[in-house]
Amino acid sequence: MRFSIKNRNGGVALSGLSPRLTKKSFKWVAVLAVALLPFLSLAAGEKKGGVSAGMNIRDVFANLHTPGLETVRKSARLDLTDYWEADSVHKVVTIAGGAAWLEALTADYLRVRISPVSVVELRILPVGTKKIVGCVYTVGDSVQAKDSEINFYDSSLRPLDKKKYFKAPELEEFFNIPKGEESIFKEIREEVPFPTVAYSFSPDNTTLTARLTVEDYVSPDCLPLLRKYMQKDLTAKWKGKYKF
């Protein structure tokens, strides 16, 4: 049976079939399209917000509204991932007039430099059979003490209650004070009334690291005391929640 793929008007037609059979065929196509409409609508609903239920770090990065990323346009974010996948580090101009570029990208992790003093990290995290997104926005450099803001989002990129997924470490957890010398911590607390902490996701797993960044602004006289007892890093494993 032969088929013709072009009619006289430049459209597509089928020949070799009876008009009756052709009419029935198109009738069944129409019925099938109507039957599939709810499923197509459901699929569209899953893509609401730009991310499907499958959770792709590239889509998360392109569509997430979170502190730090608001200065990078969606088109610029897509350019960054396209160039990275082509083994090239590309820089884009931010809305603020600076430059942004990717520093790391894996299947579940992304790190983007927003400016010389700010960086955003994204990490896809499992919660039962679902997945959520963790976001760390860190500001600071060698002059300004680094400090981080951490937030969480569901698969539709809607903000989640941070308290449900994260418990910040207390100041004393950053220090190893021997028994009998607890009074030392009182002096440390007086020197550090508002501690700054830099958080960072591991590129290789779901571990979260916390580092106390107070050495840049405490008095020089207190530095030896801090350095004597302060631990370098704290780490928390993801168990449906970060708890140090």
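Residues numbered from 1 in each chain as written. Predicted model: local features only at pLDDT ≥ 70, side-chain atom pairs only at ≥ 80, totals over all residues. Heavy atoms only, no water.

Draft legend 1. Highlighting the sheet that holds strand β4 (residues 118-127). Read from one edge to the other, the open sheet built from six strands follows the order β1-β2-β3-β4-β5-β6, with strand pairing classed as antiparallel. Two strands close off the open sheet at either side, each with one partner strand: β1 (91-93) and β6 (147-153). Within the sheet, the average angular offset between the axes of one strand and its neighbour, ignoring direction, is 25 degrees. Examined bridge by bridge, strand β3 (residues 109-115) and β4 share six bridges and lie antiparallel to one another. (Pairing = 2+ DSSP bridges. Helix = DSSP H or I, 4+ residues; strand = E, 2+ residues; numbered from the N terminus. Axes fitted to C-alpha atoms, helices over the stretch in contact; angles between N-to-C directions.)

Draft legend 2. Seen up close, helix α3 (residues 74-85). Its 12 residues place the ends of α3 17 Å apart at the C-alpha level, agreeing with the 16 Å of an ideal helix rising 1.5 Å per residue. The set of residues buried in α3 consists of Ala76, Arg77, Leu80 and Thr81. Within α3, the buried residues cover an arc of 140 degrees as seen down the axis, which keeps them to one side. In this fold, the buried residues of α3 make contact with α2 (57-63), β1, β2 (99-105) and β3. Just downstream of α3, Asp87 is the residue with a positive phi angle, here 60 degrees. (Expected span 1.5 Å × (residues − 1). Buried < 20%, exposed > 50% of the residue type's maximum accessible area, 1.4 Å probe, protein only. Arc of directions from axis to C-beta. Contact = heavy atoms within 4.5 Å.)

Draft legend 3. Molecular detail of the pairing of strand β5 (residues 130-139). In this structure, β4 lies alongside β5, joined through 10 bridges in antiparallel fashion. Paired with Ile124 across the bridge in β5 is Val133. What sits between β4 and β5 in their antiparallel hairpin is a turn of two residues, with Gly128 showing a positive phi close to 65 degrees. Two strands pair when backbone bridges link them, and β5 and β6 are joined in this way by seven bridges, in the antiparallel orientation. Looking at β6, one finds that Val139 is bridged to Asp147.

Draft legend 4. Local environment of the nonpolar core. Counting residues in each nonpolar core, the largest one holds 34 residues, and the members touching the most others are Phe152, Phe175, Leu208, Leu212, Leu226 and Tyr242. Breaking this core down by element, the ones donating at least two residues are β5, β6, α5 (183-191), β8 (197-201), β9 (208-212), α6 (223-229) and β10 (234-236). Ranked by the residues each element gives to this core, the list is headed by α6, at four residues. Apart from the residues lying within four places of it in its own chain, the contact partners of Tyr242 are Leu125, Phe152, Tyr165, Phe166, Lys167, Phe201, Thr206, Thr207, Leu208, Ala236 and Lys237. Counting 23 residues, the second largest nonpolar core, distinct from the first, contains Leu105, Val120, Val133 and Cys135. (Core = buried A, V, L, I, M, F, W, Y, C linked by side-chain atoms within 4.5 Å.)

Draft legend 5. The arrangement of the packing of aromatic side chains in detail. Taken as a whole, this structure holds eight aromatic pairs when the rule is applied. Ring centres of Tyr165 and Trp238 lie 6.4 Å apart, and the angle between their planes is 20 degrees; on these two criteria the pair is classed as stacked. Placement of the pair is Tyr165 in helix α4 (residues 162-165) and Trp238 in the loop between β10 and β11 (242-243), with a sequence separation of 73 residues. Owing to a relative accessible area of 11%, Trp238 belongs among the buried residues under this scheme. Seen from their ring centres, Phe166 and Tyr199 are 5.3 Å apart, and the 85 degrees between their planes marks the pair as edge-to-face. With Phe166 in strand β7 (residues 166-167) and Tyr199 in strand β8, the pair connects residues that are 33 residues apart, well separated along the chain. Look at Phe166 and you get buried, because its relative accessible area is 10%. Taking NZ or CZ as reference, Arg77 lies 6.0 Å from the ring centre of Phe61, over its face. Taking NZ or CZ as reference, Lys91 lies 4.4 Å from the ring centre of Trp101, over its face. (Phe/Tyr/Trp six-rings, centres within 6.5 Å; stacked < 30°, edge-to-face > 60°. Lys NZ or Arg CZ within 6 Å of the ring centre and 35° of its normal.)

Draft legend 6. Broad picture of the environment of Met230. Examined against the element boundaries, Met230 turns out to sit in the loop between α6 and β10. When residues no more than four places from it in sequence are discounted, the contact partners of Met230 are Phe174, Phe175, Leu212 and Glu215.

Draft legend 7. The pattern of salt bridges, seen in detail. In this structure the tally under the stated criterion is nine salt bridges. Here the salt bridges share partners, and the residues they tie into one network are Glu103, Arg111, Arg113 and Glu121. (Salt bridge = Lys/Arg side-chain N within 4 Å of Asp/Glu carboxyl O.)

Draft legend 8. Examining α5 more closely. Looking at α5, one finds that the buried residues are Ile184, Phe185 and Ile188. Along the long axis of α5, the arc covered by the buried residues comes to 95 degrees, so they all point the same way. Those residues of α5 that are exposed and aimed more than 90 degrees away from the buried face are Ser183, Lys186 and Glu190. Tucked inside the fold, the buried residues of α5 contact α6.

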